[in-house]
Structure formats: structure tokens, C-alpha cells
Amino acid sequence: MTFLIAGSDSGSPDDHTTGSEARDEGFDPRGLRSDVIMLTSLSPDRTAATVVSIPRDSWVTVPGHGKAKVNAAYSFGGPTLMVQTVELLTGLRIDHFAAIDFAGFEALTDAVGGIDVAVAQPTTFGAITFHRGVNHLNGRQALAYVRQRSGLPGGDLDRVRRHQSAMRALMSKVFSTMSLSNPVDTYNVVDLLTRYVSVDDTLTNEKLRSLAFELSDLQPSAVTFMTAPVSGLGQVGDQSVVHLDHGRGAMLWQALSQDRIAQYLETNRGDVLGSTPR
């Protein structure tokens, strides 16, 4: 089962546009771009998962629009076009789509009591400073952590690693406080997620609860976070873009489709998220 998860760059961290907390049921995602693009593949036995981040500036083919940054697909045609774009890039079938905005991410982080992330070197984003080592972040601080790009040596690629680090921390927090084999905890997890996360119409609450039960044996340590292979950074006109490594990328997408990610990682460990991102 494969999910595509998008983090919407909604302008206000106080205005919910995703999940049941959204103020405007007629919200149209077109015109926004997706800062976060994560392809999440669950193993057939639901005991392992792989999360692959696709850098938002990746230069790809967007159906009907030619070459563009991958996050422009969300702006051009919402979730449908974003799914089509990633399916064209990877050759994978995407079963489900989920989206969360700034306000939802901040509120979700606060709802679980904050998250712990490790930072390699001190950095500052606005009035918020992250010290070296483990930082406990509330929602506002976590949003700053995932939005920072300036001051990070790898720029957007380092920010992608922060996105993964935050997601790993959220998962660990949920798993440490709740048991998905417990019906009450499962209901609470689904309720919490649907308050702030929008999913496609085929994922009813009943199906989400069923999936949560299936994932009761999945441990955070069995979730691999990685970035789609990159060959380099460049310019296309006045745009800064990320050029994907299509050779290694083809190997990765095939490994995901055949549930052989362990074999891919034997020679590509550098794509995996480390324990202490910048």
C-alpha cells in the first residue's frame, strides 16, 4: 500500500485548511504549493515501511504542463495532478493521498505533547533558536524547525531531512503513548489524525481504524526514512531546481514496488536519514 503525503504551504499557521478542523469546507488547494512531498510504502505484512521524500524543487514532467518543479503540480491541479505527477516519475501506483497544512502540523504536534528532534549544529529561525543536541519542540517551534532553510549548509535538502526527522519524532511519540492493538487507542489516533489531516474519499474512518489495527506490529525502528536520489542542484531560467538521479531513482522505485528496499540500501545507505540532521 502506497500513500502520497503532502504538506501544504498555506499562508497562515492559525488558519486550518486540512482535516475536520478546516474552517472552509470548500477550500481549493490549487494556487498553493506543497513544501513537503513524501511517498510512503507499507510492506505487505505491515511490519515495515519506507518513507521517501521528493525534494519540492525536483525538476520533473508535470502532465499537461511540461517540465516544472514537482511542487507546482499541487498548484496547477491539486491532489489529482500531484498524484499523477509522482506516479509518472516513479512508475508506482499511489493508493491514497493525505495532506496537512501549517496549522494542522502545529496543532498535531501540540496534541501529542511536543516532539524531540536532534540538531547537529545551533541554528536560528526568526526568534526561535535550536541548540545542538536533542531539542523538545512545541507546535510553534516544530513548525519553525521544518520551515527553516536559510542557515542550513544543504539548504532545501537539509530541510527535507528535517521534515523526515519531525515525522519520525511524531510517529515515535504516538507509538510510545498509544497501542494500536488497543481499540480505544486506535480510535483516539484516528480521531486525532482526521482532525488535522485531509485524506482521499476512499479512506473512511472505518478503513483508517482497520489500517491502524493492521499496523499494530509496526515499530518506529522498522520505518526507513530516505530522500529520492539527487544528482545535483542547478538553474532553469531564473528557477533554482533539484536534478534527480534517474538511474538510481529507477532502482529505488523498482525496489519499492517489489518490497526489496533492504537490497537497494545495501549499496545506497547514503540516501537514508541519519540520527542527527542539521
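For the structure, see preceding data.
The present account deals with the structure reproduced in this document. Worth saying up front: this structure is predicted, and the values here are computed from it rather than measured.

This next bit is on the pairing of strand β7 (residues 115–119). Counting buried residues along β7, 4 of its 5 residues qualify, which places the element largely inside the surrounding structure. Note: β7 against strand β10 (residues 133–137), 5 bridges, orientation antiparallel. Within the sheet, the bridge partner assigned to D116 lies in β10 and is H136.

Per the stated rule, a full pass over the model turns up 2 aromatic pairs. With 6.4 Å between their ring centres and 25 degrees between their planes, Y74 and F97 make a pair best called stacked. Taken as a pair, Y74 in helix α1 (residues 72–90) and F97 in strand β6 (residues 96–100) lie far apart in primary sequence, 23 residues in all. A relative accessible area of 8% means that F97 is categorised as buried. Between the aromatic rings of F130 and Y145, the centroid separation amounts to 5.7 Å while the plane-to-plane angle is 75 degrees, which identifies the pairing as edge-to-face. Remark: Y145 occurs in helix α3 (residues 139–147) and F130 occurs in strand β9 (residues 128–130); sequence separation between them is 15 residues. Classification of Y145 as buried rests on a relative accessible area of 0%. R162 extends its terminal NZ or CZ atom over the ring of F130, reaching a point 5.2 Å from the ring centre.

So, about α1. In a regular helix each residue adds 1.5 Å, so 19 residues correspond to 27 Å; α1 covers only 17 Å between its end C-alpha atoms and thus falls short of that length. The largest bend in α1 is about 135 degrees, located at G78, with the proline P79 one to four residues further on. Inspection of α1 places A72, A73, Y74, S75, G78, L81, M82, V83, T85, V86, L89 and T90 among the buried residues, and these make up the whole buried set. A positive phi of about 75 degrees marks G91, the residue just after α1.

The next point concerns the sheet that holds strand β11 (residues 198–199). On the basis of which strands lie adjacent, the open sheet formed by 6 strands has the order β11-β6-β1-β2-β3-β12 and mixed pairing. Each edge of the open sheet carries a strand with a single partner, namely β11 and β12 (223–227). Sheet topology note: the strand β3 (residues 49–53)/β12 ladder contains 5 bridges and is parallel. The residue bridging S53 from the neighbouring strand is T227, located in β12.

Now for the packing of helix α2 (residues 102–111) against helix α5 (residues 183–196). Contact pair α2 / α5: the axes reach a minimum separation of 9 Å and the direction vectors enclose 155 degrees. As judged from the angle between their axes, α2 and α5 are roughly antiparallel. Judged by the sense of rotation from one axis to the other, the crossing of α2 with α5 is right-handed. For the pair α2 and α5, contact is made by G104, A107, L108 and A111 and by L192, L193 and Y196, respectively.

Calculation notes
Residues numbered from 1 in each chain as written. Predicted model: local features only at pLDDT ≥ 70, side-chain atom pairs only at ≥ 80, totals over all residues. Heavy atoms only, no water. Buried < 20%, exposed > 50% of the residue type's maximum accessible area, 1.4 Å probe, protein only. Helix = DSSP H or I, 4+ residues; strand = E, 2+ residues; numbered from the N terminus. Pairing = 2+ DSSP bridges. Phe/Tyr/Trp six-rings, centres within 6.5 Å; stacked < 30°, edge-to-face > 60°. Lys NZ or Arg CZ within 6 Å of the ring centre and 35° of its normal. Expected span 1.5 Å × (residues − 1). Bend = angle between axes of the 7 residues up to and from the residue. Axes fitted to C-alpha atoms, helices over the stretch in contact; angles between N-to-C directions. Parallel < 35°, antiparallel > 145°, perpendicular 65-115°, else oblique. Left-handed = near helix turned anticlockwise from the far one by under 90°. Contact = heavy atoms within 4.5 Å.

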